[in-house]
Amino acid sequence: MKVTLEKLPASQIGFDIQVEGAKSQAIYDRVVKDLTRTIQVPGFRKGKAPQQLVLRQVGSQRLKANVLEELLEKTLNEALAENKEVKDKALGGFQLVTDLETLVQTFTPGQDLSFKAAIDVEPEVTLAKYQGFSVKAEEIKPDLTEVDRTLYEFQVRKSTLVPVEDRAIKLNDVATVDLKVIDRETGEELSDAGEDDFQLDVDEKAFIPEVVKALVDTKIDDVVEVESVFPQDYYPEEYVGKEIKYVITVKSIKGRELPDLDDEFAKSISDKETIAELRELLEQRIIDEADSKTKANKEAAILDALTAELEVDLPATLVQQELDFLVRQQASYLQERIDPAMAKQLFTKELVEEMRRLNRPDAIKRLRRKVALDEIVKQEKIVADEATLNERVAGALEVLKGQNIDPDRLVTVVREEILTEKALAWLLEHSEIELVEKGSLKPPADETLESISPEADAGDVITVDAESENA
């Protein structure tokens, strides 16, 4: 067997393989012998039929395909074993470059065979610079007025509705209306877009803002008309973008009696004993969230500077693995929040392919960051602390108790996570980051936004009773 190696784009190594006829003949003879022993031919006991009848029953194309399949697998494994340097860096399996159908058509056992295959290998990385960066990042400052807004929202959710007849509609009231939608072009009513006795929260976040604004200061029996365009995300979808007119007749008004912001209220929505403790909790969460966002901005800025210095040809295998991870993560997130029967209908092959397409830029961006940080680990000889590693692995095993987990694989994943964190910390320490006002930096035109699912805080969880929305 003769093997010629070739360096290909996308971090692949090409194998041009020539196999002597004797090897294919030996496989052919053994396959025929096995078939003669195992195939049942009518009129003969198993293993006693003439070889010619067995071959006629199997068919020459099927026989050649079986021999060729075994020959390819055997020679590729041998070729990889003979080239240890490639084997040590190999990612995934071989991809046949030569057309398989053509091989089957032209293959003759006992004659020499030539074919080409390729395998992905770990990419070659060039990092022109990995320290001494000077970048800017937006600082997110905590807005403690959010505490009052949050508490007010909880008051609204815990409020009591009381009929109102002696005043006009105010924000956060609940109004019952007859809602009609008129096609401005034809003057016809779009009956399937409106509703009688429709109850709506007078809140711009809860319903169409322009309609809400028009309802404020109106009274029972008032009729309000609002010219508009049928909005996105409203039913029926066929009307989206159509020029319409809302005709709203106010039928009843209910105001909200808000509970007092006292210690009892704090206990009713949280595990805190006093309203002061609850305020302190909310303030700290706002501060922590702002700090977390500022930290994320700093890391994103420095990683963008780092990857700008990176030259790497990412192999398809790594991109595929990263896409698999992102799609699985998103699918899992959605499946936890929707009905299982709906999830089964939702996740079609077409949807998954579309998810992969949409996630591809993000997968490549994440991979480039990881490759660059891995190079810092290599250059600076960064190692994972064994005590930290053991502690995290133990914690992960506790969380994943009862699941089928490969302990060795888990250790590898956790070690890589720790090394990535240490490399990023090293990078931040050896660079200068200027914090600037929020909104002062213009994002690059091709910047990919990353969706991060918020993690629930393990302690001090605010809870809301069954009558109100989950916070």
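Our subject is the structure listed above.
Residues numbered from 1 in each chain as written. Predicted model: local features only at pLDDT ≥ 70, side-chain atom pairs only at ≥ 80, totals over all residues. Heavy atoms only, no water.

Engineer: Where do I start with the overall build of the protein chain in this structure?
Structural biologist: Summing up its helical and strand segments, the protein chain has 14 helices and 13 strands in all. If one aligns the C-alpha atoms of the protein chain with their principal axes, the spans along those axes are about 100 × 65 × 45 Å. For the protein chain, restricting intrachain contacts to residue pairs at least 6 apart in sequence, the fraction spanning at least 24 positions comes to 74%. Total accessible area on the protein chain stands at roughly 29600 Å², and carbon and sulfur atoms take up 48% of it. Of note, the protein chain has its 63 positive side-chain charges centred 9 Å away from the centre of its 100 negative side-chain charges. (Helix = DSSP H or I, 4+ residues; strand = E, 2+ residues; numbered from the N terminus. Contact = heavy atoms within 4.5 Å. Areas by Shrake-Rupley, 256 points an atom, 1.4 Å probe, with all protein chains shown as cover. Lys, Arg positive; Asp, Glu negative; His and termini not counted. Charge placed at Lys NZ, Arg CZ, Asp CG, Glu CD.)

Engineer: Sorry if this is basic, but what is going on with helix 13 (residues 386-399) here?
Structural biologist: Taking 1.5 Å of rise per residue, the 14 residues of helix 13 would be expected to cover 20 Å, and the 20 Å separating its terminal C-alpha atoms lies within 8% of that figure. At the N-terminal boundary of helix 13, the capping side chain belongs to aspartate 385, with an oxygen 3.3 Å from the backbone nitrogen of alanine 387. (Expected span 1.5 Å × (residues − 1). Polar contact = N/O pair within 3.5 Å; in protein donor to acceptor, adjacent residues only side chain to side chain.)

Engineer: I would appreciate a short explanation of the pattern of salt bridges in the present structure.
Structural biologist: Pairs may arise between side chains of opposite charge once their charged atoms sit close together. On inspection of all chains with the given rule, the structure shows 29 salt bridges. Between arginine 392 and glutamate 421 there is a salt bridge, with its nearest N and O atoms 2.7 Å apart. In this pair, arginine 392 is assigned in helix 13 and glutamate 421 in helix 14 (residues 407-429), connecting sequence segments 29 residues apart. Note on arginine 392: relative accessible area 30%, which makes it partly exposed. Residue classification places glutamate 421 among the partly exposed residues on the basis of a relative accessible area of 37%. One connected set of salt bridges, linked through shared partners, spans Lys23, Lys74 and Glu78. (Salt bridge = Lys/Arg side-chain N within 4 Å of Asp/Glu carboxyl O. Buried < 20%, exposed > 50% of the residue type's maximum accessible area, 1.4 Å probe, protein only.)

Engineer: Whenever I open this one, a nonpolar patch on the surface confuses me. Can you help?
Structural biologist: Together, Tyr333, Leu334 and Leu346 line one region of the surface with nonpolar side chains, adding up to about 230 Å² of accessible area. Take leucine 334: it is sitting in helix 10 (residues 316-335). Owing to a relative accessible area of 37%, leucine 334 belongs among the partly exposed residues under this scheme. (Patch = residues over 30% accessible without salt bridge, like charges linked within 9 Å, V, L, I, M, F, W, Y side chains within 5 Å.)

Engineer: Before we go on, may I ask you to explain the nonpolar core in this structure?
Structural biologist: Soluble globular proteins tend to pack their nonpolar side chains together in the buried interior. By size, the foremost hydrophobic cluster in this structure holds 37 residues, and its most contacted members are Leu306, Leu373, Ile376 and Leu427. If you list the elements that add at least two residues to this core, you get strand 6 (134-139), helix 9 (275-308), strand 12 (310-312), helix 10, helix 12 (349-380), helix 13 and helix 14. Residue contributions to this core peak at 8 residues, all from helix 14. Once residues lying within four places of it in the same chain are set aside, the contact partners of leucine 427 are Tyr130, Phe133, Ile302, Leu303, Leu306, Leu373 and Ile376. Counting residues in each nonpolar core, the second largest holds 29 residues, with Val31, Leu63, Leu76 and Phe107 among its members. (Core = buried A, V, L, I, M, F, W, Y, C linked by side-chain atoms within 4.5 Å.)

Engineer: Would you take a moment to explain helix 1 (residues 21-38) for this structure?
Structural biologist: The periodicity of an α-helix, 3.6 residues per turn, causes residues three or four positions apart to be oriented the same way. Along its 18 residues, helix 1 runs 26 Å from first to last C-alpha, staying within 8% of the 26 Å computed at 1.5 Å per residue. Among the residues of helix 1, Gly21, Lys23, Ser24, Ile27, Val31, Val32, Leu35 and Thr36 are the ones counted as buried.

Engineer: Sorry, what's going on with a negative patch on the surface here?
Structural biologist: The grouping of Asp260, Asp262, Asp263, Glu277, Glu280 and Glu283 at the surface amounts to a negative patch. When residues in the negative patch are grouped by element, the largest group, 3 residues, is from helix 9. Considering the arrangement of structural elements, one finds aspartate 260 in the loop between strand 11 (243-257) and helix 8 (263-269).

Engineer: Please clarify how unusual backbone geometry should be interpreted in this entry.
Structural biologist: Cis geometry marks the peptide bond from tyrosine 235 to proline 236, where omega comes out at -5°. If you trace the backbone, proline 236 turns up in the loop between strand 10 (223-229) and strand 11. Not every positive phi belongs to a glycine, and alanine 10 is a case in point at roughly 60°. With respect to the helices, strands and loops of the structure, alanine 10 is situated in the loop between strand 1 (2-8) and strand 2 (12-19). For alanine 10, a relative accessible area of 29% corresponds to the partly exposed category. The residue lysine 381 is not glycine, and still its phi comes out positive at about 55°.

Engineer: Just to check I follow, could you spell out the environment of glycine 395 for this structure?
Structural biologist: The residue glycine 395 is located in helix 13 in this model. Its relative accessible area of 34% is what places glycine 395 among the partly exposed residues. For the pair formed by glycine 395 and glutamine 232, sequence separation is 163 residues and the distance between their alpha carbons is 45 Å.

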